[in-house]
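# A look at the structure
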Amino acid sequence: MTPTREILWNIDLTGQIGVYAFLFLPFVLIAFGLARRVWMWRTGRPENRFDRMTDRVWGALRDSVMHGRIARRSTIYGGVMHLLIFWGFILLFIGTVIVLIEHDFTVPILGYSFFQGSFYLGYKAVMNTAGLMVIVGVLMAVYRRYILRPATVETAPDDVILLALLVVLVVQGFVVQALRLAVEQDPWASWSYVSYPMAALFQGLPEGTIRGLHTANWWSHMITTNIFLGYFAYSKMIHPFTSLTNVLFRRLQPLGKLERIRDIEEAESLGVARLEDFTWAQLMNVDACMHCGRCLEYCPTFQTNKPLRPRDLVLEVAGYMADRGGIFSGEVGQGAKSARFRAGAGPDRDLIGGVVTQAELWDCTTCGACMEHCPVYIEHVPLIVGMRQNLVLEQAEFPVEVTNVFNNMERLSSPYQFTPNQRTDWARRLEQPVREMADVAAAGEQVEVLFFVGCLGSFDSRNQRTTLALARILQQAGVNFAILGKEETCTGDPAKRIGNEYLAQMMAEQTVETLNQYSFKKIVTACPHCFNAIANEYPEIGGNYEVVHHSQLINELIGSGKIKLDPDSDMMRGKVTYHDPCYLGRYNKVYDEPREVVEALPGVELAEMRRNRNRSFCCGGGGGRMFMEETRGTRINQARVREAMDTGATMLAAACPFCMTMFEDGINGVGAEDRFQVRDIAELVYDAMIKSPKSAAGNGARESNGAIEEV
Amino acid sequence: MDSISALWDRLTGRRRHGLIAAGAAIVAGTLLIAVGEIWEWGWTRLVGAFVISASGTLFGVLLGWSEPGWSRIRCVVRRSARPVVLVLAAIILAPLIVGLVVSFAGLFGGDQEAGVGLLVAGSVVMVFLLAVTVGLAAEALRLALRAAASKNSPDSARSNGKHER
């Protein structure tokens, strides 16, 4: 006897017709829900996301289908859970399609049956395994939601309804199969290894009862399937569609590049004040959120109890869009602590104020942790900066503290109240003079490296020590370099992230104009914010330069032997921890070089913080936050300093002037000035390097304890 | 019904014709399958299913790609959420739970021929599936009914002010 089974066994004519007739309902509901969403997305502004389709398709396969971004090392539990449900469900779906092909195509049209023999036996085993995978995955989800209860996960009716529907569908499938096996008593029944023992129980019942139960459960299973499919487009189950499209049409530009407002002088409105001001891709973005909460895991504002929760902000906008479009979007009840539960509060609201609060917008440090960890490439930071732009440029609503920053940038080309002539004051402390590009050009010469000092490195007394150390390193290593001096201007980064796009464009264009006057091979900067702007945002406005961060250049100089480190140097020894600046690490993927520099220091052991590399925790200074008061929640910089101290290190190696400032403040805030300090890696290297006699003598710096102190 | 008829009135004539055509195609597909099953023409299932699903998709897209005031329909659906949830829960759960519970009667049935090991395994599987199903379904039903009964339902909240945390 060949192993097989009768398809639609025990189902009468009504059922055999009904199984097809009812198909229309899920198709209508799914098509309506998806069409409504696409219709809403199309209300956004145009944006080209149809370039490089090969990269897009490959990325969608890798990151969505193969779970490249879902199952990461840091999120292994959630990744495995999703893999089990996803692949279990896909296998069951494929199994259903196989039955349809046999029953409706190959047998009636081609007169050929493949649903038998060893194929059939393998099919039965695979389907039972797939069902088990879904149940195990769902139980893992339940365990996480109800037992583990991580702070980033909130449970709403929609979540549980979907889990329940998945389990019910699978259990119905097992029961229907077991009931058939109980009557048919196939000799190969054990291949259905879950249903087979269940069938043994049913065998003790009268056949009429078994058949009755089978019919009832088959109908119930069919109706449940249709309900599940119909519910698909109105719950977070829509994510296989929205996430896939979002990954497909993701931004392929560098993460650190914020879009310019084009033709800003002619623009009728600036920034985002209405849904229609977002681009269609941004509206698709907010619909792609499946509420996983990964954006919260390393979010500095969520972790320090501030109002901004990137997930909730996205869901607020998504809920608002659903309200405006008149569709359901997996709404979740009211009155809970999270903004997520307020989604669906009606369409007659203002976007800023009625949907998203100003506190949420101003709390963001633009660290990019949310975007880095979002499995479906939602771009939270551009959403926030877009709304900030409207507040700043149209409503003149911004934290009062940044008024001076804007004024100074407009008048003095830097966020600080120093004149351009004071930009080179730090250089007077050097033993050997530093050349300025204007002098180099006047002499008809070229330099290999342009040292872009940055505003903090030029004016802030603490960060001037980093600048001095780097300049001395370059001089000691014999690097042919020069600075812009008083011609240097702010890159515009703080203004851009705060939302003053007009000012940011002015600064950027001014800087590019200055840089384009001169000839050099590459730019080095100790500021990751300047680095990011020059590397990622300037090419669009005609500024194409090779730019390296000072950690990269120092690492190269150590590697080439141009810098020699003294094993007997009296610099500090022991554990040093390194903090990844967001604009260097997450935004520009520079993780290894700074670590290699720290590890090269004699007698130093690199102790990693719990959150490191792309999982690093922000210092709290990005996005213009360094210039604003931190009045909500706890202090971000203090949280990071405590984490650094937990490593057992007594020194925090920084690679960013913003981080330096925030950590100096954080160390004072936690009262650890006497036992913990922060220094830039340039300072650490300069202390540890073998110096030429010319430099060591009479340089005015006290080097007994390794510190380059002010003179 | 008033809302649905008002919605229909607000659709353009072209769209209405499209919807009528798609609806007619759904009926035609169903009839084709019915006739085919009665006369045992196997091929009608594939053709009929294609017609039904394609027409259903067209029907949904035509509706979704229009703006006759879906918010009103959403309010209607939301108002009837509680009875809908209860009816659907009964249809989905009753046969399953009855099946799982009644299966234990099979342990004591006169026709029972299975070995003890298999019966124990079957009982364990049944208890496990029953527990998982009832537990999750009860929690889902509780949350769904609570959301449906929420006084502060989304469409009743038309606040335009800033929400506070």
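Computed from a predicted model, the values in this text were never measured in an experiment. The numbers attached to residues start from 1 for each chain and follow its sequence in the written order. Each chain takes a letter, starting from A, and each ligand takes a number, starting from 1, following the order in which they are written. This being a predicted model, a pLDDT of at least 70 is required before a residue's local features are given, and a value of 80 or more before pairs of side-chain atoms are given or counted; all residues contribute to the totals for chains, interfaces and linings. Note that the side-chain values use all heavy atoms of the structure and ignore hydrogens as well as water.

### Digging into the overall build of chain A
Threshold: Strands here are runs of E lasting at least two residues and helices are runs of H or I lasting at least four, both read from the DSSP assignment and numbered beginning at the N terminus. For the exposure calls, accessible area comes from a 1.4 Å probe over protein chains only, and a residue counts as buried if that area is under 20% of its type's maximum, exposed if over 50%, partly exposed in between. Contact definition: two residues touch when any of their heavy atoms are within 4.5 Å. Each accessible area value is a Shrake-Rupley result obtained with a 1.4 Å probe; residue values ignore everything except the protein chains displayed when judging cover. When charges are counted, Lys and Arg are positive and Asp and Glu negative, with His and the chain ends excluded. Positions of charges follow a simple convention, taking NZ of Lys, CZ of Arg, CG of Asp or CD of Glu.
On a plain count of helices and strands, chain A comes out with 30 helices and eight strands. Classification of the 711 residues of chain A by burial places 64% in the buried group. Counted over contacts in chain A with a minimum sequence separation of 6, partners at least 24 positions apart contribute 79%. Within the structure as shown, chain A displays about 25,700 Å² of accessible surface, and the carbon and sulfur contribution to it stands at 55%. The centroid of the 69 positive side-chain charges in chain A is displaced by 3 Å from the centroid of its 78 negative side-chain charges.

### Regarding the overall build of chain B
The secondary structure content of chain B amounts to six helices and zero strands. When the 165 residues of chain B are sorted by exposure, 40% land in the buried category. Within chain B, contacts between residues at least 6 apart in sequence are counted, and of these 63% link residues at least 24 apart. Looking at chain B as shown, the accessible area adds up to about 9,000 Å², and 70% of this sits on carbon and sulfur atoms.

### Remarks on helix H13 (residues 310-325) of chain A
Where we set the bar: What a helix should span is 1.5 Å times the count of its residues minus one.
The terminal C-alpha atoms of H13(A) lie 22 Å apart, and with 16 residues this matches the ideal 22 Å at 1.5 Å per residue to within 8%. In the stretch just after H13(A), Gly326(A) is the one whose phi turns positive, near 70°.

### Considerations on the interface of chain A and chain B
Under the convention used in this document: The term buried area means the drop in 1.4 Å probe accessible area that two parts suffer when joined, counted for both and summed. For this document, the term salt bridge refers to a Lys or Arg side-chain nitrogen within 4 Å of an Asp or Glu carboxyl oxygen. When residues are sorted by character, Ala, Val, Leu, Ile, Met, Phe, Trp, Tyr, Cys and Pro go into the nonpolar class, Asp, Glu, Lys and Arg into the charged class, and all the rest, Gly among them, into the polar class.
Of the residues lining the interface, 82 residues belong to chain A; the matching set on chain B comes to 79 residues. Regarding the contact of chain A and chain B, the summed buried area is about 6,600 Å², with carbon and sulfur atoms giving 71% of it. In this assembly, chain A and chain B are joined by two salt bridges. Here the element with the most residues in the side of chain A that touches chain B is helix H6 (residues 157-184) of chain A; it accounts for 12 residues. Of the residues in the side of chain A that touches chain B, the class split is 53 nonpolar, 17 polar and 12 charged.

### Looking at the nonpolar core
Nonpolar side chains tend toward joint burial in soluble globular proteins. Inclusion rule: Remark: nonpolar core denotes a set of buried residues (Ala, Val, Leu, Ile, Met, Phe, Trp, Tyr, Cys) joined through side-chain atoms within 4.5 Å.
Membership of the largest hydrophobic core comes to 142 residues, with the highest contact counts inside it found for Trp426(A), Phe451(A) and Ile563(A). A per-element tally of this core places H13(A) first, with seven residues. With residues near it in sequence (within four places) discarded, Ile563(A) still touches Ile473(A), Ala477(A), Ile554(A), Leu557(A), Ile558(A), Val685(A) and Met689(A). With 74 residues, the next largest nonpolar core counts Ile85(A), Val170(A), Ile238(A) and Ala137(B) among its residues.

### A closer look at the pairing of strand S7 (residues 651-654) of chain A
Within a regular strand, the side chains alternate between the two sheet faces. Residue and element names in this part refer to chain A. What counts here: Any two strands are treated as partners once DSSP identifies two or more bridges connecting them. We call a crossover right-handed when, viewed with both strands directed away from the observer, the connection leading from the first strand over the helix to the second proceeds clockwise.
Here S7 shows no split at all, with Met651 and Ala653 on one side and Leu652 and Ala654 on the other all buried. Bridge analysis of strand S5 (residues 574-578) against S7 gives three bridges, and the strand direction is parallel. Considered in S7, the bridge of Tyr578 is made with Ala653. Sheet topology note: the S7/strand S8 (residues 677-680) ladder contains four bridges and is parallel. Its bridge partner lying in S8, Ala654 is registered against Asp680. Chirality of the crossover, the property in question, places the unit of S7, helix H28 (residues 657-669) and S8 among those that are right-handed.

### Quick look at the packing of helix H18 (residues 402-412) of chain A against helix H23 (residues 501-515) of chain A
Between two packed helices, the angle of one axis relative to the other and the distance separating the axes together describe the packing. Residues and elements named next belong to chain A. Rules: Here an axis means a line fitted to C-alpha atoms, over the contact stretch when the element is a helix, while the angle between two N-to-C directions is reported on a 0 to 180 degree scale. Less than a right angle of anticlockwise turn of the near helix away from the far helix marks a crossing as left-handed, whereas a clockwise turn marks it as right-handed.
Axis separation between H18 and H23 bottoms out at 11 Å; the angle between their running directions is 35°. With respect to the hand of their crossing, H18 and H23 are arranged in left-handed fashion. On H23, the residues touching Phe406, Met409 and Glu410 of H18 are Leu503, Met506 and Met507. Here the residues of the contact of H18 with H23 are counted per class, giving five nonpolar, no polar and one charged.

### Things to note about the sheet that holds S7(A)
Residue and element names in this part refer to chain A. The four strands are arranged S6-S5-S7-S8 in an open sheet whose pairing can be described as parallel. Because the sheet does not close on itself, it has two edges, and the strands there are strand S6 (604-606) and S8. Mean inter-strand twist for the sheet, computed between neighbouring axes without regard to direction, equals 35°.

### A short note on unusual backbone geometry
All names here are of chain A. Positive phi is not limited to glycine here, since Asp263 has a value of about 50°. Position of Asp263 relative to the elements: it lies in the loop between helix H9 (239-248) and helix H10 (280-287). The backbone of Ala396 shows a phi angle near 50°, a positive value even though the residue is not glycine. Within the secondary structure, Ala396 sits in the loop between helix H17 (380-393) and H18. On the basis of relative accessibility, which here comes to 58%, the residue Ala396 falls in the exposed class.

### Observations concerning the environment of Cys582(A)
Summarising the element assignment, Cys582(A) is placed in the loop between S5 and helix H26 (592-600). Those residues in contact with Cys582(A) that lie beyond four places of it in its chain are Cys367(A), Tyr587(A) and Cys618(A).

### What about the confidence of the model for chain A?
Residue and element names in this part refer to chain A. Quick note on the threshold: Per-residue confidence from the predictor is reported as pLDDT, which spans 0 to 100.
Counting all residues, the mean pLDDT for chain A is 92, and 95% of those residues have values of 70 or more. Confidence drops under a pLDDT of 50 for residues 331-344, and excluding neighbours within four residues, the segment shows 46 contacts in the predicted structure. Of the regions scoring below 50 in pLDDT, residues 696-711 engages in 32 contacts with residues more than four places distant in sequence or in other chains.

### Brief notes about the pattern of salt bridges
All names here are of chain A. For the coordinates displayed, the defined rule picks out 48 salt bridges over all chains. Between Arg640 and Glu643 there is a salt bridge, with its nearest N and O atoms 3.2 Å apart. Of this pair, Arg640 and Glu643 both sit in helix H27 (residues 636-645), three residues apart, which is roughly one turn of that helix. Judged by its relative accessible area of 0%, Arg640 is buried.

### Focus: the packing of helix H4 (residues 76-110) of chain A against helix H5 (residues 117-148) of chain A
All names here are of chain A. The contact between H4 and H5 brings their axes to 8 Å, and the two run at 145°. For the pair H4 and H5, the crossing hand works out as left-handed. Its residues assigned to classes, the contact of H4 with H5 comprises 24 nonpolar, five polar and one charged.

### Examining the sheet that holds strand S1 (residues 447-452) of chain A
What holds strands together in a sheet is hydrogen bonding between their backbones, with the strands either parallel or antiparallel. Residues and elements named next belong to chain A. Strand order in the open sheet formed by four strands is S2-S1-S3-S4, and the pairing between neighbours is parallel. In this open sheet, the two strands that pair with only one neighbour each are strand S2 (481-483) and strand S4 (546-549). Put simply, the sheet's adjacent strands are angled 30° from each other on average, direction ignored. In this sheet, S4 lies alongside strand S3 (residues 520-525) in parallel orientation, the contact comprising four bridges. Residue Val524 lies in a different strand from S4, and its bridge partner there is Val548. Helix H25 (residues 550-559) contacts S3 and S4 of the sheet and is inclined by roughly 80° relative to S4.

### Examining helix H24 (residues 528-537) of chain A
Residues and elements named next belong to chain A. With nine of 10 residues buried, H24 lies mostly within the body of the structure. Every buried residue of H24 is accounted for by Pro528, His529, Cys530, Phe531, Asn532, Ala533, Ile534, Asn536 and Glu537. Looking at the buried positions of H24, the neighbouring elements they touch are S1, helix H22 (493-498), S3, S4, H25 and H28.

### Remarks on the side chain of Glu501(A)
All names here are of chain A. Stated formally: Whenever two N or O atoms come within 3.5 Å, that pair is a polar contact, provided that in protein one can donate a hydrogen and the other can accept it, and provided that, for residues adjacent in sequence, both atoms are side-chain atoms.
Checked against the element boundaries, Glu501 lands in helix H23. From its side chain, Glu501 meets the backbone nitrogen of Ile261 in a polar contact 3.2 Å long. Among all residues touching Glu501, those that are not within four sequence positions of it are Glu259, Arg260, Ile261, Ile264, Gln389, Leu393, Ala495 and Lys496.

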